[in-house]
Amino acid sequence: MDLGIRGRTAIVCASSQGLGKGCAIALAEAGVSLVINGRNHALLEQTAEEIRRASGVEVKAVLADVSSAAGQAALLAACPNPDILVNNNGGPPYRNFRELNRQAILDGVTMNMVTPIELVQKVIDSMAARNFGRIVNITSMSVKMPISGLDLSSGARAGLTAFMAGVARSVADKNVTINNILPGKFDTARLRGGFGIAAKRQHTTEAEAEERSKADIPAKRFGTPAEFGQTCAFLCSVHAGYITGQNILLDGGLYPAAF
Ligand SMILES: NC(=O)c1ccc[n+]([C@@H]2O[C@H](COP(=O)([O-])OP(=O)(O)OC[C@H]3O[C@@H](n4cnc5c(N)ncnc54)[C@H](OP(=O)(O)O)[C@@H]3O)[C@@H](O)[C@H]2O)c1
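Attention in this report is confined to the structure presented alongside it. (Residues numbered from 1 in each chain as written. Predicted model: local features only at pLDDT ≥ 70, side-chain atom pairs only at ≥ 80, totals over all residues. Heavy atoms only, no water.)

Examining the nonpolar core
Counting 32 residues, the largest nonpolar core has Ile 5, Leu 27 and Leu 34 as the members making the most contacts within it. The set of elements that each furnish at least two residues to this core consists of strand E1 (9-12), helix H1 (18-29), strand E2 (33-38), helix H2 (41-55), strand E4 (84-87), strand E5 (133-138) and helix H8 (225-235). Here this core takes 6 residues from H1, the largest share from any one element. Beyond its immediate chain neighbours, meaning those up to four positions away, Ile 5 contacts Leu 27, Ala 30, Gly 31, Val 32, Ile 84, Phe 132, Ala 233, Cys 236, Ser 237 and Val 238. Judged by nonpolar contacts, the second largest core, of 27 residues, contains Val 66, Cys 79, Leu 85 and Ile 135. (Core = buried A, V, L, I, M, F, W, Y, C linked by side-chain atoms within 4.5 Å. Buried < 20%, exposed > 50% of the residue type's maximum accessible area, 1.4 Å probe, protein only. Helix = DSSP H or I, 4+ residues; strand = E, 2+ residues; numbered from the N terminus. Contact = heavy atoms within 4.5 Å.)

Below is the structure:
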């Protein structure tokens, strides 16, 4: 399918690996020029080169912490009026909520709620003025279903979801859409980092913890960043202009509900 966005521009935050990278690759395949981002210089440059080689699109690599004001300014300097914004960031570490002090809570809310709101503030009016804009927020299945040890992530992302629900409706008549994609379990460094903790909790090996984690999913496998990216690219396409304010769950059937 031609997504109809060839020649458009996108900022894909936190995209040197994992889900953000999956989104960047899928947009590049659709002919979108990119700004990608991360804090590890070598990894970021390697990903930028990989995408350039595979797709031939322009890829600017912005080495920055997306949660900081300076990092956001650098992203916007690289692409002042993006047609597409994919909001992504790291997530708070697994932690018993009793262990979170005030600063840790504020940091989590800054990462997963304040930062994407700030970036939306910075791009939305120019999108509306040009009568085209696509914003995708990477949130989490934990918005709908608690995940033990990720309460801060769930709360901050639920706050973002509620905030964006109203904002999305305010620009729908300008062909600007805002949607959230909720990953279940995707095969990335972040997911793999959790198996060690799970293994300790379950008094088993990391390999066994991984198998148990997979066994819970009706699809019996983890999702791939590539299939995540394709969904993101479709939401950014011309064909998805009537989809806005939605929460798209990608979880291989893990969330057990009819609606
Ligand atoms: N994978 C899953 O199954 C899953 C499920 C639910 C929710 N999520 C959420 O989805 C998001 C992406 O997860 P992932 O699995 O793709 O993680 P990942 O594989 O660890 O990749 C995270 C990416 O974000 C970059 N990054 C992290 N913090 C950043 C910052 N402050 N500024 C700029 N770049 C930053 C990382 O690069 P640097 O570290 O070099 O900066 C890396 O490129 C996270 O918020 C995660 O909690 C993931």
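Here's the deal with the site of the ligand
As a structural note, the neighbourhood of the ligand is formed by 28 residues, with Ser 16, Arg 39, Asn 89, Phe 186 and Thr 188 the closest of them. Between a nitrogen atom of the ligand and a main-chain N or O atom of Val 66, the distance comes to 2.9 Å. In the environment of the ligand, an oxygen atom lies 2.8 Å from a nitrogen or oxygen atom belonging to the side chain of Arg 190. Looking at the shell around the ligand, the elements with two or more residues in it are H1, E2 and helix H6 (189-202). By residue number, the principal contributor to the shell around the ligand is H6, which donates 3 residues. Of the residues in the shell around the ligand, the class split is 9 nonpolar, 14 polar and 5 charged. (Near = heavy atom within 4 Å. Polar contact = N/O pair within 3.5 Å; in protein donor to acceptor, adjacent residues only side chain to side chain. Nonpolar A, V, L, I, M, F, W, Y, C, P; charged D, E, K, R; others polar.)

What to know about helix H3 (residues 69-78)
Residues separated by three or four positions in an α-helix point in the same direction, a consequence of the helix having 3.6 residues per turn. Turning to H3, its buried residues are Gly 71, Gln 72, Leu 75, Leu 76 and Ala 78. Viewed end-on, H3 has its buried residues packed into an arc of 160°, placing them on one side of the element. Those residues of H3 that are exposed and aimed more than 90 degrees away from the buried face are Ala 69, Ala 70 and Ala 77. (Arc of directions from axis to C-beta.)

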